[in-house]
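# Architecture and fold: a report
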Amino acid sequence: NLLELIIDYCKKAISLFNHQVDGDILLSDIHSFVIEVYLVYKKYDLAMEYMQNNKIYDKRAIAECNYRLKKYNDSSNVISNIYVSAITDIISSAHLQIRILLKQKNVKEALELTNWILNLINSIEKIENSFAEEKILYMYMKVICEKVLKIKSDDTIKELNKYEMEIKDEL
């Protein structure tokens, strides 16, 4: 059986793996390959067992296995966590990209990214002001871009002041 042969070779590779050698292949790469092999061969229960036994938390693979094993709620919970994590990463790191764009004098692109982030926050915000601090940060960046591009920024400043007042009221 090809599946068994592949898994056996991977297990041998894992047992022979030398952590001291700086190579192109990491132990996690081998584990990921084993998981992918199980998925290709539609052995979702074995993939889950392998991840559990080797303490591997591959969210995408877990969600896929749960879905294929008809554990829809479990799959949905993992996928929701993936979404939240990805969106949080985007929101919390975009300011650095905007600052880089500003340093490179790409102000128009920085403004576009700032507006995109603000629209993203508005589209996912379920509880009012749950992203107030992030909105304030990106509105400051928007005002900077608007000033440099000589775009009227009165509306942005009014909205910024509104959020700052709401934050102060909460404190």
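Structural notes, computed from the coordinates. (Residues numbered from 1 in each chain as written. Predicted model: local features only at pLDDT ≥ 70, side-chain atom pairs only at ≥ 80, totals over all residues. Heavy atoms only, no water.)

## Some words on the pattern of salt bridges
Note the following rule: Criterion for a salt bridge: a side-chain nitrogen of Lys or Arg within 4 Å of a carboxyl oxygen of Asp or Glu. The numbering of helices and of strands both runs from the N terminus, where a helix is a DSSP run of H or I of at least 4 residues and a strand a run of E of at least 2. Three exposure classes are used, based on accessible area relative to the maximum for each residue type with a 1.4 Å probe and protein chains only: buried under 20%, partly exposed in between, and exposed over 50%.
Throughout the structure, instances matching the rule amount to three salt bridges. For Glu36, the salt bridge goes to Arg60, with nearest N and O atoms at 2.1 Å. Residue Glu36 is found in helix H2 (residues 27–40), and its partner Arg60 is found in helix H4 (residues 59–68); the two are separated by 24 residues along the sequence. In this structure, Glu125 and Lys135 form a salt bridge, with 2.8 Å as the shortest nitrogen-oxygen distance. Of this pair, Glu125 sits in the loop between helix H6 (107–124) and helix H7 (132–148) while Lys135 sits in helix H7, placing them 10 residues apart in sequence. According to the relative accessible area criterion, Glu125 is buried, its value standing at 18%. We classify Lys135 as buried; its relative accessible area is 3%.

## Here we look at the packing of aromatic side chains
To be explicit about the condition: Aromatic rings from Phe, Tyr and Trp, taking only the six-membered ring of Trp, are treated as a pair when their centres fall within 6.5 Å; an angle between ring planes under 30 degrees marks them as stacked, one over 60 as edge-to-face, and anything in between as tilted.
Inspection of the entire model under this criterion finds two aromatic pairs. Measuring from centroid to centroid gives 6.1 Å for Tyr38 and Tyr50, while their planes differ by 55°, and the two rings are tilted. Residue Tyr38 is located in helix H2, and its partner Tyr50 is located in helix H3 (residues 44–53); the two are separated by 12 residues in the primary sequence. Neither residue differs from the other here; Tyr38 and Tyr50 are each classed as buried.

## Focus on the packing of H3 against H4
Our working definition: Axis lines are fitted to C-alpha atoms, over the contacting stretch for helices. Their N-to-C directions set the angle, which ranges from 0 to 180 degrees. Helix crossings get a hand from a simple test, with the near helix turned counterclockwise from the far one by less than a right angle marking a left-handed crossing and a clockwise turn marking a right-handed one. Any two residues having at least one pair of non-hydrogen atoms within 4.5 Å are treated as being in contact. Three classes are used: nonpolar for Ala, Val, Leu, Ile, Met, Phe, Trp, Tyr, Cys and Pro, charged for Asp, Glu, Lys and Arg, and polar for all others, with Gly counted as polar.
At their nearest, the axes of H3 and H4 sit 9 Å apart, and the two run at 145° to each other. As H3 packs across H4, the resulting crossing turns out to be left-handed. Note on element contacts: H4 touches H3 through Ala61, Ile62, Cys65, Asn66 and Arg68, opposite Tyr44, Ala47, Met48 and Met51. Partitioning the contact of H3 with H4 into residue classes produces seven nonpolar, one polar and one charged.

## A short note on the environment of Ile30
Examined against the element boundaries, Ile30 turns out to sit in helix H2. With a relative accessible area of 11%, Ile30 lands in the buried category. The spacing of Ile30 and Cys10 is 20 residues in sequence and 6.6 Å in space, taken between C-alpha atoms. In contact with Ile30, not counting residues within four places along its chain, are Cys10, Ala13, Ile14, Phe17 and Ile25.

## Focus on unusual backbone geometry
At Lys42, a residue that is not glycine, the phi angle is positive and equals roughly 60°. The exposure class assigned to Lys42 is exposed, which follows from its relative accessible area of 60%. In this model, Lys150 sits at a positive phi of 60°, which is unusual for a non-glycine residue.

## Looking at helix H5 (residues 72–103)
Spelled out, the test is: The span you would expect from a helix comes to 1.5 Å times its residue count less one. Note that the bend at a residue is defined as the angle between axes fitted to the seven residues ending at it and the seven residues starting at it.
The end-to-end C-alpha distance of H5 is 46 Å, a good match for the 46 Å that 32 residues give at a rise of 1.5 Å each. The sharpest bend along H5 comes to roughly 35°, located at Ser93. By the burial criterion, the buried members of H5 are Ser75, Val78, Ile91, Ala94, Ile98 and Leu101. Those residues of H5 that are buried lie in contact with H4, H6 and H7.

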